[in-house]
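Overview (structure and organization)
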Amino acid sequence: MKEIIIKHLKKMEFVCGLKQFKEYKKEDANELIECLHELFKKFGWMTEERVDYILQSGMRGQYGDFYHVNEKTVNGWINQYYMHHQSQIVMEVQNASNKEKEPSAEEDIVTGK
């Protein structure tokens with residue numbers, strides 16, 4: 001997931017005109033990457049494909065104007081993504097939860113079902 005974040009931050013200047021990441025000191029850049037990585041990990045439904053989509057869409061202004069890429073901005077992008085894809089995400093989470101609850105064939109044999 002960090003590789004996807006880095007990919008988008010590196011091309012930020014060309015996508016949205018911000019030189020923010022390019023001008024950071026190395027430790028500040030690493031801190032931003034870690035901060036965003038931890039933010040994305042907080043959402044159990046987050047996939048690398050969604051991270052890629054959210055960052056790409058956000059930097060292209062699809063979630064509104066922004067002036068810096070930081071945790072607050074990206075959190076807003078995540079929330080907007082969730083609002084637009086909520087039913088799909090809820091279904092995926094429910095399906096994953098149901099799969100975890102279904103007993104395996106071996107468990108059925110042990111319990112006599």
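Residues numbered from 1 in each chain as written. Predicted model: local features only at pLDDT ≥ 70, side-chain atom pairs only at ≥ 80, totals over all residues. Heavy atoms only, no water.

When its secondary structure is counted, the protein chain shows seven helices and zero strands. Starting at the N terminus and ending at the C terminus, the protein chain contains elements arranged as α-α-α-α-α-α-α. The burial tally for the protein chain puts 32% of its 113 residues in the buried class. For the protein chain, long-range pairs separated by at least 24 residues make up 64% of all intrachain contacts whose partners lie at least 6 apart in sequence. (Helix = DSSP H or I, 4+ residues; strand = E, 2+ residues; numbered from the N terminus. Buried < 20%, exposed > 50% of the residue type's maximum accessible area, 1.4 Å probe, protein only. Contact = heavy atoms within 4.5 Å.)

Looking at where N75 falls in the secondary structure, it is placed in helix α6 (residues 71-101). Aside from chain neighbours lying at most four places away, what touches N75 is L39 and F43.

Another point: helix α1 (residues 2-10). For α1, every residue scored as buried is listed here: I4, I5, H8 and L9. An end-on view of α1 places all buried positions within 130° of arc, on one side of the element. Facing away from the buried side of α1 by over 90 degrees, the exposed positions are E3 and K10. Buried residues in α1 make contact with α2 (12-16), α3 (20-23), α4 (26-41) and α5 (48-59). (Arc of directions from axis to C-beta.)

This brings us to the side chain of H8. When you line up the elements, H8 lands in helix α1. At a separation of 2.6 Å, a polar atom in the side chain of H8 contacts the side chain of D52. Apart from residues lying up to four places away in sequence, H8 is in contact with D52, L55, Q56 and M59. (Polar contact = N/O pair within 3.5 Å; in protein donor to acceptor, adjacent residues only side chain to side chain.)

It is worth spelling out the side chain of R50 at this point. You can see R50 is positioned in helix α5. When its relative accessible area of 7% is taken as the criterion, R50 is described as buried. Among the polar contacts made by the side chain of R50, one reaches the main-chain carbonyl oxygen of W45 at a distance of 2.6 Å. Not counting residues within four places of it along the chain, the set of residues in contact with R50 comprises W45, Y81, Q88, I89 and E92.

On their own, these measurements won't tell you what the molecule is for.
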